[in-house]
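# Structural description and commentary
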Amino acid sequence: MSALQSLAGNSHAATTATYDVVVVGAGFAGMYMLHRLRGQGLSARVYEQGSGVGGTWYWNRYPGARCDVESMQYSYSFSDELQQQWDWSERYAPQPEILKYANHVADRFNLRSDIQFNTRVDQAVFDERENTWSVTTSDGKTVTAKYVVLATGCLSNARMPDIKGLENFKGNVYHTGHWPHEAVDFTGQRVGVIGTGSSGIQSVPVIAEQASHLTVFQRTANFSIPARNAPLTEQERQAFRARYPEIRRIAREEMKNGIFQEVPDRGALDDGGNERRAKYEARWSRGGLTFMGVYNNLALDKAANDTAADFVRGKIAEIVSDPQTAKLLQPNNHPIGSKRICIDSDYFATFNRPNVTLIDIKSNPIEEILPNAVRTASGDYEVGTLVLATGFDAMTGSVAKIDIRGRNGQTLNEKWAEGPKTYLGLMSVGFPNLFIITGPGSPSVLSNMIVSIEQHVDWITDCIAYMRDRGFGAMEAKQDAEDRWVAHVNEVAHTTLYPQANSWYMGANIPGKPQIFMPYIGGVGVYRTSPPRAMRDLR
Ligand code: FAD
Ligand code: NAP
């Protein structure tokens, strides 16, 4: 234990303890952060508002939830024993298995003793004289720490839609991002799903198998690629494991999205129509996110992008029997990939079932939720249970809920009123010794998140060690460095097609949220080379 830790020993003192580091959140980021801090001999307290570890995989228990980055890659790399010993059962593990993995990691590395569950961090105030943070939690206690690490997650603040009458609905209402721990049985029920992003697209086929009738309310049709999920054989696992060091290094250093895969050397328009179609067919058959990796310019060139979008629209028309339904399901208002592409199991085919109806709420908006129905401009649709797959206040939502006060009493919410401003997505000027794991301005949600999490955790650990070795009290980025980084993130985003979509990457799903492209699109490989150069940008 470090010398910094000292229990106040005073039962009525408001400040109950002092730690080197307070970590907020016990998902994959907070858990690995704790492990690394302990390895440095630092005292750390992790606060988690949920009752268990796992973050995303603790909260998102909806039917059909699973990862869309293949499990052999969507897993920690920091422990070779762990990656050699853990057996993933399927190409894309289902949520219960990923949660089991998170719990296994917590047990294996004995993390729970430093995690306080069922406790929300409400406030963090910087003391400029002492260079420490006072952190207040929902149990009414305040602790002091030299550093605070926000491991609060990019997709952890579930967004309840602001729909008139929702509070009067008589049946059960479930948000996919806040799903109950008990199994929900839809057998014999009339179910309505609002939202057709990744969560809606994963849950619809599973709910359709149980419900007596399922009505899907779609505002924006989304591009989705079949997952082609399948059990993993021992041979497949072993082949991967044998190459893990190389695969992990390439994913971290050479890939844009932190996923090991072939790197395309051609643009979509460099191939003739037949050849291009054959390549798209091959990727469609293989399934998964690598569909977008077939050519190197799909995110950059609209004409190239159109070839991929047309291919997927064609597939939807082939799969869905009713031409009118197929047309509604064909995305037509954004380039493919500019909203997070979805990965599904039988999503489009589900609309061929006699018990499934698609309602277009773009042209017939939902007007009101009645006690037993959804009222749209074109009529009422009777439902007994509602599933809200309406997404998240992404990237900034969970940070904004904490009252964070830095130098001169400025709040982070004031500073970010026109959009998040960070240096490397890791820190924000005026908030010394406060780190954000996968914050806005870092590759984060555009990457295999565990690759980005591990990079940030390792960087923060090294940074704290560096400061301790030199006896530094506080550190933050220089203002001009932050300004340059914010401008760079914005500039790179606008060289791509991404800003053309009303996506949560842009904050467009939250009324009134400033529309700024939040993640860094330059890629994890390029991003990784920045921090060493950036040391001169810190003070
Ligand atoms: P989280 O897992 O979100 O954990 C943050 C934790 O912080 C939460 O448990 C939350 O309760 C806690 N917290 C927040 N605020 C406070 C507070 N004030 N006080 C106390 N606790 C707080 N990414 C991929 O790369 N591949 C995938 O296949 C993939 N699939 C996904 C599927 C779903 C359904 C969703 C929603 C996201 C998916 N993601 C995926 C993104 C996913 O969020 C990350 O991969 C990763 O799990 C994030 O880990 P984290 O620890 O950073 O955040
Ligand atoms: P999302 O992508 O933001 O989708 C939300 C859906 O709800 C959209 O279709 C949206 O329509 C609709 N919606 C929102 N508010 C509405 C309202 N008031 N009325 C009607 N419709 C409304 O959220 P998500 O599906 O939860 O996914 C979020 C992210 O989490 C994903 O992009 C992905 O990164 C991650 N995720 C991954 C997986 C996976 O496959 N592993 C699964 C789930 C989530 P509009 O598009 O018109 O706004």
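Residues numbered from 1 in each chain as written. Chains lettered and ligands numbered in written order. Predicted model: local features only at pLDDT ≥ 70, side-chain atom pairs only at ≥ 80, totals over all residues. Heavy atoms only, no water.

### Quick word on the site of ligand 2
Taken together, 23 residues are adjacent to ligand 2, and Arg66, Ser199, Arg219, Thr220 and Lys339 come closest. Measuring from an oxygen atom of ligand 2, one finds a side-chain N or O atom of serine 199 at 2.6 Å. Alanine 389 is positioned such that a nitrogen or oxygen atom in its backbone is 3.2 Å from an oxygen atom of ligand 2. The protein chains hide 87% of the 910 Å² of surface that ligand 2 would expose on its own. At three residues, the largest contribution of residues to the shell around ligand 2 is made by helix α5 (residues 198-210). (Near = heavy atom within 4 Å. Polar contact = N/O pair within 3.5 Å; in protein donor to acceptor, adjacent residues only side chain to side chain. Areas by Shrake-Rupley, 256 points an atom, 1.4 Å probe, with all protein chains shown as cover. Helix = DSSP H or I, 4+ residues; strand = E, 2+ residues; numbered from the N terminus.)

### A few points about the sheet that holds strand β8 (residues 190-194)
Sheet architecture is open: five strands sit in the order β7-β16-β8-β9-β12, paired in parallel fashion. Whereas interior strands pair on both sides, the edge strands pair on one side only; in this sheet they are β7 (172-175) and β12 (356-360). Averaged over all pairs of adjacent strands, the angle between strand axes in this sheet comes to 20°, irrespective of strand direction. One ladder, built from five bridges, connects strand β9 (residues 213-218) with β12; its direction is parallel. Bridge pairing links valine 216 to leucine 358 in β12. (Pairing = 2+ DSSP bridges. Axes fitted to C-alpha atoms, helices over the stretch in contact; angles between N-to-C directions.)

### Side note on the packing of aromatic side chains
What the rule picks out here adds up to 36 aromatic pairs. Residues tyrosine 280 and phenylalanine 311 carry aromatic rings whose centres are separated by 5.4 Å and whose planes lie at 40° to one another, so their mutual orientation is tilted. Of the two residues, tyrosine 280 sits in helix α8 (residues 273-286) while phenylalanine 311 sits in helix α9 (residues 302-319), which places them 31 residues apart along the sequence. Pair check on accessibility: tyrosine 280 and phenylalanine 311 agree, each one buried. An aromatic cluster is present here, built from Phe28, Tyr32, Trp57, Tyr74, Tyr76, Phe78, Trp86, Trp88, Tyr101 and Phe109 joined pairwise through their rings. (Phe/Tyr/Trp six-rings, centres within 6.5 Å; stacked < 30°, edge-to-face > 60°. Buried < 20%, exposed > 50% of the residue type's maximum accessible area, 1.4 Å probe, protein only.)

### Looking at the site of ligand 1
Within the structure, ligand 1 sits among 32 residues, and Glu48, Thr56, Asp68, Tyr74 and Met449 are positioned closest to it. Within the side chain of tryptophan 59, an N or O atom sits 3.1 Å from an oxygen atom of ligand 1. Computed on the free molecule, ligand 1 has an accessible area of 980 Å², of which 95% lies beneath the protein chains in the complex. Of all the secondary structure elements, the ones that give two or more residues to the shell around ligand 1 are α1 (28-39), α2 (56-59) and α14 (449-470). Among the elements that make up the shell around ligand 1, the one with the highest residue count is α2 (three residues). Looking at the shell around ligand 1, its residues break down into 17 nonpolar, 12 polar and three charged. (Nonpolar A, V, L, I, M, F, W, Y, C, P; charged D, E, K, R; others polar.)

### Brief notes about the side chain of serine 203
Its place among the elements puts serine 203 in helix α5. Assessed through its relative accessible area of 0%, serine 203 is described here as buried. At a separation of 2.9 Å, a polar atom in the side chain of serine 203 contacts the main-chain carbonyl oxygen of serine 199. Not counting residues within four places of it along the chain, the set of residues in contact with serine 203 comprises Tyr62 and Pro63. (Contact = heavy atoms within 4.5 Å.)

### With respect to the pairing of strand β4 (residues 121-127)
The pairing of β4 with strand β5 (residues 132-137) spans six bridges and is antiparallel. Along β5, the bridge assignment pairs glutamine 123 with threonine 136. Taking the residues between adjacent antiparallel strands as the criterion, β4 and β5 are bridged by four residues, where asparagine 131 takes a positive phi near 55°.

### A look at the nonpolar core
A general tendency of soluble globular proteins is for nonpolar side chains to be buried together. Counting residues in hydrophobic clusters, the biggest one holds 128 residues, and the most contacted among them are Phe28, Phe291 and Phe435. Look past the residues within four positions of phenylalanine 28 in its chain and what remains in contact with it is Trp57, Tyr74, Tyr76, Ile98, Tyr101, Ala102, Ile450 and Ile453. Formed by 22 residues, the second largest nonpolar core is a distinct cluster that contains Tyr19, Val148, Leu150 and Ile436. (Core = buried A, V, L, I, M, F, W, Y, C linked by side-chain atoms within 4.5 Å.)

### Thoughts on the packing of α1 against α14
Two elements in contact, α1 and α14, have axes separated by 9 Å at closest approach and are oriented at 30°. Here α1 and α14 pass one another in a crossing that is right-handed. Contact with α1, carried on its side by Phe28, Ala29, Tyr32, Met33, Arg36 and Leu37, involves Ile450, Ile453, Glu454, Val457, Asp458, Ile460, Thr461, Asp462 and Ile464 of α14 and no other residues of that element. (Left-handed = near helix turned anticlockwise from the far one by under 90°.)

### Considerations on the pairing of strand β1 (residues 15-24)
With eight of 10 residues buried, β1 is to be regarded as a mostly interior element. Both β1 and strand β6 (residues 142-150) contribute to a ladder of eight bridges, which runs parallel. Residue pairing for β6: threonine 18 is matched across the bridge by threonine 144. Judged from the four bridges that link them, β1 and strand β2 (residues 44-47) form a sheet pairing that is parallel. Note that in β2 the partner of valine 24 across the bridge is tyrosine 47. For the crossover from β1 across α1 to β2, the handedness is right-handed. (Right-handed = clockwise from strand over helix to strand, strands pointing away.)

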